[in-house]
Amino acid sequence: MIQPEQNRQLVSKDKNDVSFSPEEPKYDLDDIVLPVYVKEQILDVAEYMHNSKIVFEDWGLETTHKYSKRMGINLYGPPGTGKTMAAHAIAKHLKRKILVVNYADIESKYVGDTPKNIRKAFEAAKETNSVIFFDEADAILSKRVTNMLNATDVSVNQTRSVMLMILNDYQDIIIFATNFIENFDPAFMRRIAKHVKFELPDEICRQKLWDMYIPDRMPNDIDIMQLAHKYNGISGSDISNAILMAAFKAARNKLDSVSQKSVEETIEGIIDSKHANERVTVEKRIVSEKYVKKQLNNNG
């Protein structure tokens, strides 16, 4: 029988073997439907490395901005608005692979391993000349713990400190994406050169999205203009899912085409589920605040 300490060492060894592999970008700039002003900001970043020689060497900014060859960009906004697609598109525009890092990839229950894994991710990006992309970045760039009570709190702060040091020294493009920019530590905000806000698509963008996700070969009687006008507050991923689910429903029922009614029923179901989720989130937050106030009063 393996003793607990022996078992811990075996698991820890596996954790130390974590590796990061870049991948080919899945999307390009033509795949993204965004408002013009947002796409312009994405193009600014995508062209950054191409224009570095002009700015830093020809125009002399390498003497006044010695440590600014790093381009940190943060894509923030509601889920399903194209942030991850944009990260892939930037890498593809630069003709480079993308190294995607999720918090689950680097998080370790052993104190000290998470900062090591972050270093490994940046080393892998540098060795493979890949664009490094941190998805759900608020999990890594959140505010540091000021009242440390245990080893976990110490580890959290170590992780934040390592990220700050790397951001100071890393001279290449770094992309972050988050749904919760409000959770970012101000120290990270200052070290990220550009923040691009993604919003839910307006009516014009919704028309383009409905049109993009309906294949020419799919028989249907769908009125794209009506859908775009009738349903606001939905994301590109909501539209994609609605078309896909309506198509499967039509196929299951042995129908010859996908109907407008079926798509509307599907998108309304998606909207209802989002509203239900928002209500639950608000209720949980209220309970949490009451609990915290109660605890503060009890300790006061």
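Please refer to the structure higher up on the page.
Small disclaimer: the values here were computed from a predicted structure and weren't measured.

The rules behind each value
Residues numbered from 1 in each chain as written. Predicted model: local features only at pLDDT ≥ 70, side-chain atom pairs only at ≥ 80, totals over all residues. Heavy atoms only, no water. Buried < 20%, exposed > 50% of the residue type's maximum accessible area, 1.4 Å probe, protein only. Helix = DSSP H or I, 4+ residues; strand = E, 2+ residues; numbered from the N terminus. Pairing = 2+ DSSP bridges. Contact = heavy atoms within 4.5 Å.

**Q** Lay out the pairing of strand S3 (residues 131-134) with the relevant residues and their values.
**A** Burial along S3 is two-sided: the residues Val-131 and Phe-133 and Ile-132 and Phe-134 are all buried. Where S3 meets strand S4 (residues 173-178), 3 bridges bridge the pair, whose relative direction is parallel. Its bridge partner being in S4, Ile-132 is matched across the sheet by Ile-174.

**Q** Lay out the pairing of strand S1 (residues 71-76) with the relevant residues and their values.
**A** Across the 6 residues that make up S1, a large majority, 5, are buried. With 6 bridges joining them, S1 and S4 adopt parallel strand pairing. Looking at the pairing, Tyr-76 lines up with Thr-178 of S4. Where S1 and strand S5 (residues 194-197) come together, 4 bridges link them in parallel fashion. Each residue of the ladder has a partner; that of Ile-73, found in S5, is Lys-194.

**Q** Can you explain the environment of Gly-233? Please cite residues and give values.
**A** By the element assignment, Gly-233 lies in the loop between helix H12 (224-230) and helix H13 (236-252). Each C-alpha atom of the pair Gly-233 and Leu-200 lies 6.3 Å from the other, and the pair is 33 residues apart in sequence. Ignoring sequence-local partners within four residues, the contact set of Gly-233 consists of Leu-200, Arg-206 and Lys-274.

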